[in-house]
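Structural overview
For reference, the chains in residue letters:
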Amino acid sequence: MAAWSPEAPCSCDCFVSVPPASAIPAVIFAKNSDRPRAEVQEVVFVPAGTHAPGSRLQCTYIEVEQVCKTQAVILSRPSWLWGAEMGANEHGVCIGNEAVWTKEPVAEGEALLGMDLLRLALERSSSAQEAVHVISDLLQRYGQGGSCREDPEPFCYHNTFLLADRKEAWVMETAGRLWAAQRIQAGARNISNQLSIGTDISAEHPELRSHAQAQGWWTDQGTFDFAQVFSLTQQPVRMEAAKARFRAGCELLQQQQGAITAEVMMDILRNKESGICMDSGGFRTTASMVSVLPQNPTQPCVHFLTATPDPSRSVFKPFVFGLGTAQVPQVLSPTFGDQDPVRILPRFRTQVDRRHALYRGHQAALGLMESGQEQGQQLRQKQRDLEQEGLEAARGLLTGEQTSALQELGSLFQAFVEKESQLYA
């Protein structure tokens, strides 16, 4: 059986605000992706597509059957794999995933990664609820499994997901092929590397309760509490740390109830005291994302992505789906084809340099900002000013004060990536 170590670093935090918790009539989504320190995360745009019946799709480890039509997506992903840690599609669906371990053992062998499931759901859905169905169907058909880091030593886990659209959000938590989901139609919610759905279950795998009974985890007496039934009896240190982050995230959201904005979510993602902005044990926050999903369908969804580590020293840059949207080369990692260590068996026996242009510039800037020198402080202020410019542009779009051609919207992210690159040049 694939195993994990209690000392294995693991963390991520996802947040969502649904009116009336939001300060504006919009659902607001946010995630910090916490991954191995040296891992590079790229931002990838994939246009909508049509596919021949019966065609196959290569994911990170396995092939799946392709669907006839896929949505356009923007993805923030570890550059060695096919899936994504977080992303959005052209219909305003956003998804983030997190690692979780339960009483259900992690399966042997390679299947779909949780990050593959996330991308597949974005490409195949037009609402958060539909994305839940896509993931549940794929889990049943293909299962989840395989190493989730670029290392010869396997690191395997199951997944939880936070899914949002313009109207509502869903939390979906898995244990092997089993799952439970909770619908959030108002208020704020977060997830942090643990089962968090209790008795408020909106949908579930048809065999969830009978399996728990068969394993002796539940006696069919009283209310069924998913987290209580499926969580590990002996919680390792890392899972206890996740509980602390979950509580801190709840408190930070509660403090801003009714006033949550994109800026509030960015501040939460930058909170180092709680551990939400991660820098510990070989792991750190390698990329971050905040999305504003207006309830008014005539207003564009605005997605802010860093494409660089440590949100406290990064720039959230606005992305909007529009005509002419194309891949931004500065945030795309180099590719290695058949010579990629993920493709050569046994996997990950060698290392390659996956840093993209913005990552390289940011790494040099990080050293300067961390030095405490005046030049570093000036650079951090320039980052803040650039981010504020992006927030003002988004505010203008959302209030109708700024009208931009679809062509201009499609190049918005490119413009801000270029401006940030100039800061580091």
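Residues numbered from 1 in each chain as written. Predicted model: local features only at pLDDT ≥ 70, side-chain atom pairs only at ≥ 80, totals over all residues. Heavy atoms only, no water.

Attention now goes to the packing of helix H7 (residues 357–370) against helix H8 (residues 374–399). Closest axis-to-axis distance for the H7/H8 pair is 7 Å, and the angle between their directions is 125°. Considering their axes alone, H7 and H8 lie oblique with respect to each other. Facing H7, whose interface residues are His362, Ala365, Leu368 and Met369, H8 presents Gln375, Gly376, Leu379, Arg380 and Gln383. Class assignment for the residues of the contact of H7 with H8 results in four nonpolar, four polar and one charged. (Axes fitted to C-alpha atoms, helices over the stretch in contact; angles between N-to-C directions. Helix = DSSP H or I, 4+ residues; strand = E, 2+ residues; numbered from the N terminus. Parallel < 35°, antiparallel > 145°, perpendicular 65-115°, else oblique. Contact = heavy atoms within 4.5 Å. Nonpolar A, V, L, I, M, F, W, Y, C, P; charged D, E, K, R; others polar.)

Moving on, we come to the sheet that holds strand E8 (residues 73–78). Pairing is antiparallel across the open sheet formed by eight strands, whose spatial order is E3-E8-E9-E10-E11-E12-E13-E15. The open sheet is flanked by strand E3 (41–46) and strand E15 (203–204), the only strands paired with a single partner. Sheet topology note: the E8/strand E9 (residues 86–89) ladder contains four bridges and is antiparallel. Each residue of the ladder has a partner; that of Ile74, found in E9, is Ala88. (Pairing = 2+ DSSP bridges.)

For the rest of this paragraph, the subject is the side chain of Glu123. Secondary-structure assignment places Glu123 in helix H1 (residues 114–124). Beyond its immediate stretch of four places on either side in the chain, Glu123 contacts Val46, Lys69, Thr70, Gln71, Val73 and Trp82.

On to the layout of surface pockets. Put simply, the largest pocket is a space of about 320 Å³. Every residue lining the largest pocket is counted, 20 residues in all, and those nearest its centre are Arg77, Ser79, Trp80, Leu81 and Asp340. Taken together, the residues of the lining of the largest pocket sort by class into eight nonpolar, six polar and six charged. (1 Å grid on protein atoms, 1.4 Å probe; cavity = no way out; pocket = protein on both sides within 12 Å on 5 of 7 lines; lining within 4 Å. Points joined across faces, edges and corners; volume = space filled by probe spheres on them.)

Moving on to empty space enclosed by the protein. Here the structure, examined in full by the defined rule, presents two cavities of 30 Å³ or more. Taken as a whole, the largest cavity holds about 80 Å³ of empty space. If you go around the largest cavity, you meet 13 residues; those closest to its centre are Ser11, Cys12, Asp34, Ala99 and Tyr157. Of all the secondary-structure elements, those providing two or more residues to the lining of the largest cavity are strand E1 (11–18), strand E2 (26–36) and strand E10 (94–100).

So, about the environment of Asp137. Position of Asp137 among the secondary structure elements: in helix H2 (residues 128–142). Sequence-wise, Asp137 and Val100 are 37 residues apart; in three dimensions their C-alpha atoms are separated by 20 Å.

Scored by pLDDT, the chain comes out at a mean of 94, with 96% of its residues at no less than 70. The low-confidence segment residues 1–9, where pLDDT is below 50, has 21 contacts with residues more than four positions distant or belonging to other chains. (pLDDT = per-residue confidence, 0-100.)

Attention now goes to the packing of aromatic side chains. Tallied over the full model, the rule gives 12 aromatic pairs. A centroid spacing of 6.4 Å and a plane angle of 50° characterise the contact between Phe45 and Phe321, whose relative ring orientation is tilted. Of this pair, Phe45 sits in strand E3 while Phe321 sits in the loop between strand E19 (317–319) and H7, placing them 276 residues apart in sequence. Neither residue differs from the other here; Phe45 and Phe321 are each classed as buried. Among the aromatic residues, those joined into a cluster by ring pairs are Phe45, Phe319, Phe321 and Phe413. The ring of Trp82 has Arg119 lying over it, and the distance from NZ or CZ to the ring centre is 4.0 Å. Sitting above the plane of the Phe416 ring, Lys419 keeps its charged end 4.9 Å from the centroid. (Phe/Tyr/Trp six-rings, centres within 6.5 Å; stacked < 30°, edge-to-face > 60°. Buried < 20%, exposed > 50% of the residue type's maximum accessible area, 1.4 Å probe, protein only. Lys NZ or Arg CZ within 6 Å of the ring centre and 35° of its normal.)

Taken N-terminus to C-terminus, the directions of H8 and helix H10 (residues 412–424) make an angle of 170°; their axes are 11 Å apart at the nearest point. Comparing the axis directions of H8 and H10 gives the class roughly antiparallel. When H8 is examined against H10, the residues Leu379, Lys382, Gln383, Leu386, Glu389 and Gly390 are found in contact with a partner set consisting of Phe416, Lys419, Glu420, Leu423 and Tyr424. Along the lines of polarity and charge, the residues of the contact of H8 with H10 split into five nonpolar, two polar and four charged.

A word on the nonpolar core. Judged by nonpolar contacts, the single largest core of 81 residues is most densely connected at Phe224, Phe226, Phe230, Met265, Val290 and Phe304. With sequence-adjacent residues up to four places away left out, Val290 is seen in contact with Ile28, Phe29, Ala30, Ala262, Met265, Met266, Leu269, Val302, His303, Phe304 and Phe316. Counting residues in hydrophobic clusters, the runner-up holds 49 residues, among them Leu75, Val93, Trp101 and Phe155. (Core = buried A, V, L, I, M, F, W, Y, C linked by side-chain atoms within 4.5 Å.)

A few words now on the pairing of E9. On E9, burial covers both faces: Met86 and Ala88 on one face and Gly87 and Asn89 on the other are all buried. As consecutive antiparallel partners, E9 and E10 are separated by four residues, and within that stretch Gly92 has a phi angle of approximately 85°, a positive value.

Once that is clear, we can look at the side chain of His303. Within the secondary structure layout, His303 lies in strand E18 (residues 302–305). Among the polar contacts made by the side chain of His303, one reaches the side chain of Ser291 at a distance of 2.7 Å. In this structure, His303 is in contact with Ala88, Cys94, Met289, Val290, Ser291, Leu293, Lys317, Pro318, Phe319 and Phe321, ignoring residues within four places of it in sequence. (Polar contact = N/O pair within 3.5 Å; in protein donor to acceptor, adjacent residues only side chain to side chain.)

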